[in-house]
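Survey of secondary and tertiary structure
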Amino acid sequence: MNSASNKYIIYWLLTGCLLVFAMVIVGGITRLTGSGLSITEWKVVTGTIPPLNEAQWNEAFEKYKQIPQFKLVNADFTLHDFKFIYFWEYIHRLIGRLIGIVFIIPFFYFLAKKQIDKSLLPKLIIMFLLGAWQGFLGWYMVKSGLTENIRVSHLRLALHLINAFITFGYIFWVALGLIFPARKNKIVTPIKFQHLSWSLLIVVTIQIIYGAFVAGTKAGYVYNTYPKMGDEWIASSISFTLQKDGLSSLVNNLASVQFIHRWFAFLVMGLVIYIFYLARKYTVTLYQQNAVRHCVYAVILQIILGIFTLLYAVPVWLGIIHQVGAFILFASVIYLLFRFRSDVIQEQTI
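Presented here is an overview of the structure given in this document. Just so we're clear, the structure is a prediction, and the values are computed from it rather than from any experiment. (Residues numbered from 1 in each chain as written. Predicted model: local features only at pLDDT ≥ 70, side-chain atom pairs only at ≥ 80, totals over all residues. Heavy atoms only, no water.)

**Let's talk about the overall build of the chain**
Stated formally: A run of DSSP states H or I qualifies as a helix once it reaches four residues; a run of E qualifies as a strand once it reaches two. Both are numbered from the N-terminal end. C-alpha atoms define the radius of gyration in this analysis, and the globule rule sets the expected value at 2.2 Å times the number of residues to the power 0.38. Only protein chains enter the accessibility calculation, which uses a 1.4 Å probe. A residue is then buried if its area is under 20% of the maximum for its type, exposed if over 50%, and partly exposed in between. A contact between two residues is defined here by any heavy atoms of the two lying within 4.5 Å.
Counting secondary structure elements, the chain contains 12 helices and zero strands. Counting helices and strands in the order they occur from the N terminus, the chain gives α-α-α-α-α-α-α-α-α-α-α-α. For the chain, the C-alpha radius of gyration of 22 Å lies close to 20 Å, the compact-globule estimate for 350 residues. Counting only C-alpha atoms, the chain reaches 65 × 60 × 30 Å along its principal axes. Looking at the chain residue by residue over its 350 residues, the buried ones come to 47%. Contacts in the chain between residues far apart in sequence, at least 24 positions, make up 81% of those at least 6 positions apart.

**Here's the deal with the packing of helix H6 (residues 154-179) against helix H7 (residues 192-217)**
Keep this limit in mind: Only the stretch in contact is used when fitting a helix axis, every axis being a line fitted to C-alpha atoms; angles between N-to-C directions are given from 0 to 180 degrees. Here is the rule for angles: anything less than 35 degrees is roughly parallel, anything more than 145 is roughly antiparallel, 65 through 115 is roughly perpendicular, and the remaining ranges are oblique. Two helices that cross are described as forming a left-handed crossing if the nearer one is turned anticlockwise from the farther one by less than a right angle, and a right-handed crossing if clockwise. Basically, the charged four are Asp, Glu, Lys and Arg, the nonpolar ten are Ala, Val, Leu, Ile, Met, Phe, Trp, Tyr, Cys and Pro, and anything else, Gly included, counts as polar.
Put simply, H6 and H7 touch, their axes get as near as 8 Å, and they point 140° apart. With respect to H7, the element H6 is oriented oblique. In this structure, H6 meets H7 at a crossing whose hand is right-handed. Counting all contacts with H6, which are made through His 154, Leu 155, Leu 157, Ala 158, Leu 161, Ile 162 and Phe 165, the residues of H7 involved are Thr 205, Ile 208, Ile 209, Ala 212, Phe 213, Ala 215, Gly 216 and Thr 217. Taken together, the residues of the contact of H6 with H7 break down into 11 nonpolar, four polar and no charged.

**Considerations on unusual backbone geometry**
Trans is the common state for peptide bonds, and a negative phi is the common state for residues other than glycine. Residues Tyr 226 and Pro 227 are joined by a peptide bond in cis, for which omega reads 5°. By the secondary structure assignment, Pro 227 is in the loop between H7 and helix H8 (236-245). Of note in this structure, Lys 114 is not a glycine but carries a positive phi near 55°. Mapped onto the elements, Lys 114 comes out in the loop between helix H4 (79-112) and helix H5 (121-143).

**Side note on a nonpolar patch on the surface**
Threshold: Exposure above 30% relative accessible area and the lack of any salt bridge qualify a residue for a patch; like charges then connect within 9 Å, and the nonpolar side chains Val, Leu, Ile, Met, Phe, Trp and Tyr within 5 Å. The accessible surface values rely on the Shrake-Rupley method and a 1.4 Å probe; as for residues, cover is taken only from the protein chains in view. By convention in these notes, a salt bridge is any Lys or Arg side-chain nitrogen within 4 Å of a carboxyl oxygen on Asp or Glu.
Where nonpolar side chains cluster on the molecular surface, the patch consists of Leu 98, Ile 101, Ile 104, Ile 105, Phe 108 and Leu 111 and spans about 560 Å² of accessible area. Tracing the backbone through its elements, the reader meets Ile 101 in helix H4.

**Regarding the pattern of salt bridges**
Across all of its chains, the model carries six salt bridges by this definition. The partner of Lys 43 in a salt bridge is Glu 41, and the shortest N-O contact between them spans 3.4 Å. With a closest N to O distance of 3.0 Å, Lys 63 and Glu 41 form a salt bridge. Remark: Glu 41 occurs in the loop between helix H1 (3-32) and helix H2 (54-65) and Lys 63 occurs in helix H2; sequence separation between them is 22 residues. Taking relative accessible area as the criterion, Lys 63 reaches 28% and is therefore assigned partly exposed.

**Concerning the packing of aromatic side chains**
We apply this condition: Stacked, tilted and edge-to-face pairs are distinguished by plane angle, under 30 degrees for stacked and over 60 for edge-to-face with tilted covering the rest, among Phe, Tyr and Trp rings (Trp via its six-membered ring) whose centres lie within 6.5 Å.
A full pass over the atoms with the stated rule returns 32 aromatic pairs. Centre to centre, the rings of Phe 168 and Phe 327 are 4.6 Å apart; their planes meet at 85°, and the pair counts as edge-to-face. In this pair, Phe 168 sits in helix H6 while Phe 327 sits in helix H12 (residues 316-343), placing the two residues 159 residues apart along the sequence. Both residues of the pair, Phe 168 and Phe 327, belong to the buried class. For the pair Trp 263 and Phe 266, a centre-to-centre distance of 5.5 Å together with 35° between the ring planes defines the contact as tilted.

**Here's the deal with the side chain of Asn 74**
Relative to the helices and strands, Asn 74 is located in the loop between helix H3 (68-72) and H4. Residue Asn 74 is classed as buried on the basis of its relative accessible area of 11%. For Asn 74, the residues in contact, after removing those within four places along its chain, are Tyr 64 and Gln 69.

**Thoughts on the nonpolar core**
Put simply, the rule reads: To define a nonpolar core, start from buried Ala, Val, Leu, Ile, Met, Phe, Trp, Tyr and Cys residues and group those joined through side-chain atoms within 4.5 Å.
If you look at the biggest cluster of nonpolar residues, it comprises 79 residues, and the most contacted ones within it are Trp 12, Leu 13, Phe 165 and Leu 200. Secondary structure elements with two or more residues in this core: H1, H4, H5, H6, H7, helix H10 (254-281), helix H11 (286-311) and H12. Other than its neighbours up to four places away in sequence, Leu 13 contacts Phe 103, Leu 124, Met 127, Ile 171, Val 174, Ala 175 and Leu 178. Counting 19 residues, the second largest nonpolar core, distinct from the first, contains Trp 57, Tyr 86, Met 141 and Ala 215.

**Let's talk about H2**
The condition that has to hold: How far a helix is expected to stretch is found by multiplying one less than its residue total by 1.5 Å. Throughout, the arc means the angular range of directions from the helix axis out to the C-beta atoms.
With 12 residues, H2 should cover 16 Å at 1.5 Å per step; its first-to-last C-alpha distance of 16 Å lies within 8% of that length. Taken as a whole, H2 has its buried residues at Trp 57, Ala 60, Phe 61 and Tyr 64. Here the buried residues of H2 occupy an arc of 100° about the axis, which is enough to place them on one side. Those residues of H2 that are buried lie in contact with H3 and H4.

Any functional reading would require information that these geometric values do not contain.
Structure, rendered in structure tokens:
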């Protein structure tokens, strides 16, 4: 692969990262505005065109009137109200289709020009599979709110969201490998940094999943005080539902979900600070130092955003900024793992 083609493939992959980022953010707006169930059908091709006249709008509105969300929550909606929520879900799906086009057309172009290295091809195929799976998960999620529920399943929402983050992370990782090709002479850093980076990625992923649980169950509205939950450090309903429902309460009970999301953030921060401490104590590269700093800044910013989002009872704008913060933190951890993985060649004792 020559340097020119390599450069354009990097631009292509980074464009894909930006589009996945945009899709997740618009997805957050869709969720916070209650727009996710406004389009009750999944039409891959014909669904690209929105209603174009009053008759088509009324037809779409009538379909929405048949689902529980309208009957139990939005029965007072006018056609104007419906158009607002339809807009966000339509944009969300449109970006998904755009991602498919942005990946497919350049892929076949680069393939025809023989600009895709054999080692890169299977990685690109994995990206396509992740994208297809994401589309299926999107409809699987929406389907959960069309029959008996007034909103989508928070478990399916979490699955849909974390797959988007995984897709973004994988594309970003592959792009980083092209931006920073492997060096012949690597600087040795303790391999424990790589292990800690993997651990950090795991705990951040769990925290993002619980963020999806909070969003999907509306748990962000039940206790809007900090650091206590009302007058208690641990809401009494947490132990009650744990005894009553067992471990399932940890993903279904609103107080439990919010409590875990609140305090798991400090596990993330503690691990970041520990990595920061070790990076100052042992020899690391400048790239690695910068990657650690980015994680420190990102986790502090995200915790502050989370606290204010809670205190202000999850306004849409602040909820979206908090989700942007999650993306920045996740990307920072991916970069941290890449740097410690690419520069380590032998183990040293810490």
